[in-house]
Amino acid sequence: MNSLQKRIIIELLITPMTVIPALAGGTLLLLCEVIGGYSAFFGFSGLVIAAGAFATNLVLNFDNVSKRAIRQQQKQTTDKKERELDNLDRRLAKTSDDQDENALRNLRVLYKSFCSDVEGGKLSENVPPQMLDSIDELFDTCVEKLERSYEIYKTAEKMTGRLNRDLVDQRNKIISDVETSVHNLADVINEARALKFKNEDDDLRQLQKKLASQLEVAKATEDGMADFMNANSRINDKLKEYE
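Residues numbered from 1 in each chain as written. Predicted model: local features only at pLDDT ≥ 70, side-chain atom pairs only at ≥ 80, totals over all residues. Heavy atoms only, no water.

**Q** Help me get a handle on the environment of Ile 49, residues and values and all.
**A** Relative to the helices and strands, Ile 49 resides in helix 4 (residues 39–92). The class of Ile 49 is partly exposed, set by a relative accessible area of 48%. Between the C-alpha atoms of Ile 49 and Gly 25, which are 24 residues apart in sequence, the distance is 9.0 Å. (Helix = DSSP H or I, 4+ residues; strand = E, 2+ residues; numbered from the N terminus. Buried < 20%, exposed > 50% of the residue type's maximum accessible area, 1.4 Å probe, protein only.)

See the structure below:
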């Protein structure tokens, strides 16, 4: 059972109509030998009432409770993501140029606007969920690249000569890739918004193809960075041996 399912079950269980009869019934059952009389009957009845209240709540309020739980979980996830992005923004602001933090800020504004459109139902119903997932994935890929650009920046500070220049060039290329992805993402989102006003399958297929191509390029760059970052990590480990 995942955290969302647990949240839903807890909200359905913990209500006055379930908790009060359950507590009263359980207490009477525990004390039935002391109290005697009909305490066992009333105790059992209290548990039955609590179970009935839970079943009724499950049938009548499951949809509302589920939607509320999903919204709460989404808010928690969004808040955590925003804190992580704020932290990244503060780190990027400490670098020697402003291209990286500007790329991140533009990306965040663009993505937040897109999410507002999705939540507000401003996008065409013809836009498939897979396309929305791809936009999310492209956003996350850009953020990961900016994270790596900062790691490279910190490593380059410790280097001199050709190695320093190579690291700087690599970082500049990453930032340039992110800037290109941000511009392309803006185009895709604007075209997705335009689908609200024109309902042509060819336009949608072309848009999906464009987004898939951009995501493929972003991932290819990300894969190409893996070996470089492994080497970068080994350099950092070696430097620590001399600190």
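**Q** So, the pattern of salt bridges: which residues are in play, and what are the values?
**A** Proximity of charged atoms lets side chains of opposite charge pair with each other. Counted according to the given criterion, the structure contains ten salt bridges. Residue Asp 86 is joined to Arg 108 by a salt bridge in which the shortest nitrogen-to-oxygen separation is 2.9 Å. Of the two residues, Asp 86 is situated in helix 4 and Arg 108 in helix 5 (residues 99–119); the sequence distance between them amounts to 22 residues. Beyond isolated ion pairs, a larger network of salt bridges with shared partners links Glu 82, Asp 86 and Arg 108. (Salt bridge = Lys/Arg side-chain N within 4 Å of Asp/Glu carboxyl O.)

**Q** Tell me about the confidence of the model for the chain, residues and numbers included.
**A** With 75% of its residues at a pLDDT of at least 70, the chain reaches an overall mean of 77. At the level of individual helices and strands, the chain shows its lowest average pLDDT in helix 8 (residues 201–241), which scores 56, and its highest in helix 5, which scores 88. (pLDDT = per-residue confidence, 0-100.)

**Q** Describe the packing of aromatic side chains, naming the residues involved and giving the relevant values.
**A** Under the definition given, this model contains three aromatic pairs. Seen from their ring centres, Tyr 111 and Phe 114 are 6.4 Å apart, and the 40° between their planes marks the pair as tilted. Here Phe 114 and Tyr 111 lie together in helix 5, a separation of three residues that amounts to about one turn. Exposure remark for Tyr 111: the relative accessible area of 12% places this residue in the buried category. Taking the relative accessible area as the measure of exposure, Phe 114 reaches 3% and is therefore buried. (Phe/Tyr/Trp six-rings, centres within 6.5 Å; stacked < 30°, edge-to-face > 60°.)

**Q** Which residues make up the nonpolar core, and what are the values?
**A** Counting residues in hydrophobic clusters, the biggest one holds 24 residues, and the most contacted among them are Leu 107 and Leu 185. Listed by contribution, the elements that provide at least two residues to this core are helix 4, helix 5, helix 6 (129–156) and helix 7 (161–194). At eight residues, the largest contribution of residues to this core is made by helix 6. Residues Ile 152, Ala 156, Met 159 and Ile 174 belong to the second largest nonpolar core, which totals five residues. (Core = buried A, V, L, I, M, F, W, Y, C linked by side-chain atoms within 4.5 Å.)

**Q** I'd like a description of the side chain of Thr 155, backed by residues and values.
**A** When you line up the elements, Thr 155 lands in helix 6. We classify Thr 155 as buried; its relative accessible area is 1%. In terms of polar contacts, Thr 155 uses its side chain to reach the backbone carbonyl oxygen of Glu 151, at 3.0 Å. (Polar contact = N/O pair within 3.5 Å; in protein donor to acceptor, adjacent residues only side chain to side chain.)

**Q** Which residues make up the environment of Asp 166, and what values go with them?
**A** When you line up the elements, Asp 166 lands in helix 7. Spatially, the C-alpha atoms of Asp 166 and Ala 156 are 8.7 Å apart, while their sequence positions differ by ten residues.

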